[in-house]
Amino acid sequence: MSKRVLIIGNGIIGLSSALAALRRGFDVTVLDRNAPHIENCSFGNSGMIVPSHFAPLAQPGVISQGLRWMRDPESPFYVKPRLSLDLMKWGARFYMATNADQVAAGSQLLKELHLASREMYCKWQEEGIDCSLATRGLLMLCNSQHGLQEEAQLAQKALQLGIPASVLDPQETAALDPNITMSIAGSVYYPKDCHLNPTQLMQSLRDKVGSLGAKFVYGKHVLGWHEQSGSIRAVRTTSGDYQADEFVLSTGVWSDAMSKPLGLKIPMQPGKGYSLTLPEPVQLPKICSILVEAKVAVTPIGSALRFGGTMQLGELNESIDPRRITGILKSIPKYMPKFEPSDFEGIEPWVGLRPVSPDGLPYIGRTSGIRNLVVATGHAMMGVSLGPITGEMVGQILAGEPTGIDLQLASVDRFRD
Ligand SMILES: Cc1cc2nc3c(=O)[nH]c(=O)nc-3n(C[C@H](O)[C@H](O)[C@H](O)COP(=O)(O)OP(=O)(O)OC[C@H]3O[C@@H](n4cnc5c(N)ncnc54)[C@H](O)[C@@H]3O)c2cc1C
């Protein structure tokens, strides 16, 4: 009889893990507290696959920039001030992770993961997991000389790591995407980056996983674990227990709280972000882009255009801060002057909670305390990009195969005191 694997969390990480486990002959059940039509963070995001984002979030200079942004209610970054030991510890770990050696090691790992995942998306598309994958690259659009200089330095590091990147002037940028009027100082083009339609991805992946025999259990909130002598026997849910031989924890931003009763320490803060999708934009780019100084992602999705942004750390709720939405809308015409804030009248913002680890790296692997648990979470702003390779490595770990990529830096136990 095949081993039973219970995957908790029906996001991109859970579904990618389910696919890899099914392909290795496991008997897979995916369980989620939500009904199937309720969207998690994996749906309304910007759908970018980003080898360009090889640098972990925790980097020198990020803290001082973050503090400057804190004073501006329309800025793309905010930490809700509150007395929370978890938040303070998270902040201290973030600070410790900004040292140059750790950033360099993390960059190497992220590069390998992003590039491997990109290859897998191309294969998935060929196998019929249709997500409208567009392998046309990504433009980092800068509207200041300072921004362009910083991006050009990052492009140098990308080249050193083997990620193709070219610094372009406004004319060269316009030649790449003539459909769109831009007001910029220049850009960096990353040809290996891609974009896709995240909702379509999630639907296709769910169909694929279902067709390979996975069972889906919706509307069951995991409340706790039945664990004995370092082995989990079952999860306790709002209606009944679910037994399995192996468990995969892929519950995004909720994974930290869920794993605490098992003695794990996987610090995580919610990074709230918004997206707004124009069904009939005045102009439709071919290539996805990031408005660098404003930290807004722009993604063509079919004939629609999505704008995503904001990182509000520490808020585990889906309330919308209208000032941050205003910040996003005001920034767009500074790069794309044909767009106006009034284009967005009547457009409902979508909210998502990114699972953000303090060092900007995911948690992937087993933990020393529990024999039959694999953790896969903490992908912050890169869960879509890193989904396929994370799932593949979960499959490898479940099957006892070596992971092709060294996961020491992504160890689940790295913050155990
Ligand atoms: C505005 C925005 C733009 C983004 N753009 C990009 C992008 O361009 N590229 C990219 O790579 N990433 C992007 N991201 C990040 C990406 O969306 C996330 O990293 C990713 O969706 C996380 O996936 P996940 O599977 O870990 O978690 P989720 O998608 O959040 O799924 C977790 C699931 O676990 C379930 N769950 C939680 N607790 C329980 C419980 N107790 N019992 C049962 N089920 C439970 C939840 O219901 C949920 O369905 C963006 C995010 C935002 C907010």
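Residues numbered from 1 in each chain as written. Predicted model: local features only at pLDDT ≥ 70, side-chain atom pairs only at ≥ 80, totals over all residues. Heavy atoms only, no water.

### A word on the overall build of the protein
Then step 1. Secondary structure summary: the protein contains ten helices and 20 strands in total.
Then step 2. A globule of 417 residues ought to have a C-alpha radius of gyration of about 22 Å, and the protein, at 21 Å, matches this closely.
Then step 3. Overall, the C-alpha framework of the protein stretches about 60 × 45 × 45 Å when taken along its three principal axes.
Then step 4. A burial count over the protein gives 56% of its 417 residues as buried. (Helix = DSSP H or I, 4+ residues; strand = E, 2+ residues; numbered from the N terminus. Rg over C-alpha atoms; globule rule 2.2 N^0.38 Å. Buried < 20%, exposed > 50% of the residue type's maximum accessible area, 1.4 Å probe, protein only.)

### Quick word on the pattern of salt bridges
Then step 1. Overall, the coordinates contain 16 salt bridges when judged by the stated rule.
Then step 2. Here aspartate 245 and arginine 4 are joined by a salt bridge, their closest N and O atoms 3.3 Å apart. In this pair, aspartate 245 is assigned in the loop between β12 (240–243) and β13 (246–249) and arginine 4 in strand β1 (residues 4–8), connecting sequence segments 241 residues apart.
Then step 3. What makes aspartate 245 partly exposed here is its relative accessible area of 30%.
Then step 4. Here lysine 260 and aspartate 86 are joined by a salt bridge, their closest N and O atoms 3.0 Å apart. With a gap of 174 residues between them, lysine 260 in the loop between α8 (255–259) and β14 (269–278) and aspartate 86 in helix α3 (residues 85–96) connect regions that are remote in the sequence.
Then step 5. Overall, the relative accessible area of 41% leaves lysine 260 in the partly exposed class. (Salt bridge = Lys/Arg side-chain N within 4 Å of Asp/Glu carboxyl O.)

### Observations concerning the packing of helix α1 (residues 12–23) against helix α10 (residues 383–399)
Then step 1. Relative to each other, α1 and α10 sit at 40°, their axes nearing to 7 Å. Between α1 and α10, the angle is such that the two are oblique. As for the relative orientation of α1 and α10, their crossing is right-handed in sense. When α1 is examined against α10, the residues Ile12, Ile13, Ser16, Ser17, Ala20 and Ala21 are found in contact with a partner set consisting of Gly383, Val384, Gly387, Pro388, Thr390, Gly391, Glu392, Val394, Gly395 and Leu398.
Then step 2. Taken together, the residues of the contact of α1 with α10 sort by class into eight nonpolar, seven polar and one charged. (Axes fitted to C-alpha atoms, helices over the stretch in contact; angles between N-to-C directions. Parallel < 35°, antiparallel > 145°, perpendicular 65-115°, else oblique. Left-handed = near helix turned anticlockwise from the far one by under 90°. Contact = heavy atoms within 4.5 Å. Nonpolar A, V, L, I, M, F, W, Y, C, P; charged D, E, K, R; others polar.)

### Focus: the nonpolar core
Then step 1. If you look at the biggest cluster of nonpolar residues, it comprises 46 residues, and the most contacted ones within it are Val28, Tyr121, Trp124, Leu196, Leu201 and Leu398.
Then step 2. Of all the elements in the fold, those that place two or more residues in this core are β1, α1, β2 (27–31), α4 (100–126), α7 (198–211), β20 (373–377) and α10.
Then step 3. The residues that make up this core include at least three from each of domain 1 (4–42 + 200–267 + 360–410) and domain 2 (48–195 + 268–355).
Then step 4. Beyond its immediate stretch of four places on either side in the chain, tryptophan 124 contacts Ser16, Leu19, Arg23, Ile129, Leu201, Leu205 and Pro388.
Then step 5. Core analysis: the second largest hydrophobic core is formed by 26 residues, Ile184, Val298, Leu329 and Tyr335 among them. (Core = buried A, V, L, I, M, F, W, Y, C linked by side-chain atoms within 4.5 Å. Domains from an automatic or database assignment.)

### Describing the sheet that holds β2
Then step 1. The six strands lie next to each other as β9-β2-β1-β13-β20-β19, forming an open sheet whose pairing is mixed. The sheet terminates laterally at β9 (215–217) and β19 (363–366), the two strands that pair on one side only. Looking at each pair of strands side by side, their axes are set apart by 15° on average, direction ignored.
Then step 2. Sheet topology note: the β1/β2 ladder contains five bridges and is parallel. Across the sheet, residue leucine 6 finds its bridge partner in β2, namely threonine 29. (Pairing = 2+ DSSP bridges.)

### Focus on the domain arrangement of the protein
Then step 1. You can read the domains of the protein as domain 1 (4–42 + 200–267 + 360–410) and domain 2 (48–195 + 268–355).
Then step 2. Centre-to-centre, using C-alpha coordinates, domain 1 lies 26 Å away from domain 2.
Then step 3. Carbon and sulfur atoms supply 70% of the area buried between domain 1 and domain 2, which totals about 3300 Å² over both sides.
Then step 4. At the boundary of domain 1 with domain 2, the tally comes to 14 residue pairs in polar contact (both at pLDDT 80 or more).
Then step 5. Sorting the residues of the side of domain 1 that touches domain 2 by element identifies α1, α7, α8 and α10 as the ones contributing at least two each. (Buried area = accessible area lost by both parts, 1.4 Å probe. Polar contact = N/O pair within 3.5 Å; in protein donor to acceptor, adjacent residues only side chain to side chain.)

### Here we look at the sheet that holds β12
Then step 1. Taken in spatial order, the three strands line up as β10-β11-β12 in an open sheet, and their pairing is antiparallel. The open sheet has two edge strands, β10 (222–228) and β12, and neither has a second partner. The mean angle between the axes of side-by-side strands here comes to 30°, regardless of whether they run parallel or antiparallel.
Then step 2. Pairing of β10 with strand β11 (residues 231–237), which is carried by six bridges, proceeds in the antiparallel orientation. Note on β11: the bridge partner recorded for glycine 224 is arginine 236.

### Some remarks on the site of the ligand
Then step 1. Residues in contact with the ligand amount to 34 residues; listed here are only the nearest, Asp32, Ser42, Met48, Ala380 and Ser385.
Then step 2. Here an oxygen atom of the ligand and a backbone polar atom of isoleucine 12 are 3.3 Å apart.
Then step 3. At 3.1 Å, a backbone N or O of cysteine 41 approaches an oxygen atom of the ligand.
Then step 4. Out of a free accessible area of 1000 Å², the ligand has 98% covered by protein chains.
Then step 5. Looking at the shell around the ligand residue by residue, the classes come out as 13 nonpolar, 17 polar and four charged. (Near = heavy atom within 4 Å. Areas by Shrake-Rupley, 256 points an atom, 1.4 Å probe, with all protein chains shown as cover.)

### Details of empty space enclosed by the protein
A water-sized probe rolled over the atoms picks out the places where empty space is left.
Then step 1. For the coordinates displayed, the defined rule picks out one cavity of 30 Å³ or more.
Then step 2. Its boundaries defined by the atoms lining it, the largest cavity holds a volume of some 30 Å³.
Then step 3. Every residue lining the largest cavity is listed: Leu139, Leu141, Asp177, Ile180, Met182, Pro285, Ile287, Ser289 and Met336.
Then step 4. In the lining of the largest cavity, the residues fall into seven nonpolar, one polar and one charged. (1 Å grid on protein atoms, 1.4 Å probe; cavity = no way out; pocket = protein on both sides within 12 Å on 5 of 7 lines; lining within 4 Å. Points joined across faces, edges and corners; volume = space filled by probe spheres on them.)

### Quick look at the pairing of β11
Then step 1. Counted between consecutive antiparallel strands, the loop separating β10 from β11 contains two residues, among which serine 229 sits at a positive phi close to 50°.
Then step 2. In terms of strand pairing, β11 meets β12 through four bridges, oriented antiparallel. Each bridged residue has a counterpart across the sheet, and for valine 235 the counterpart in β12 is tyrosine 242.

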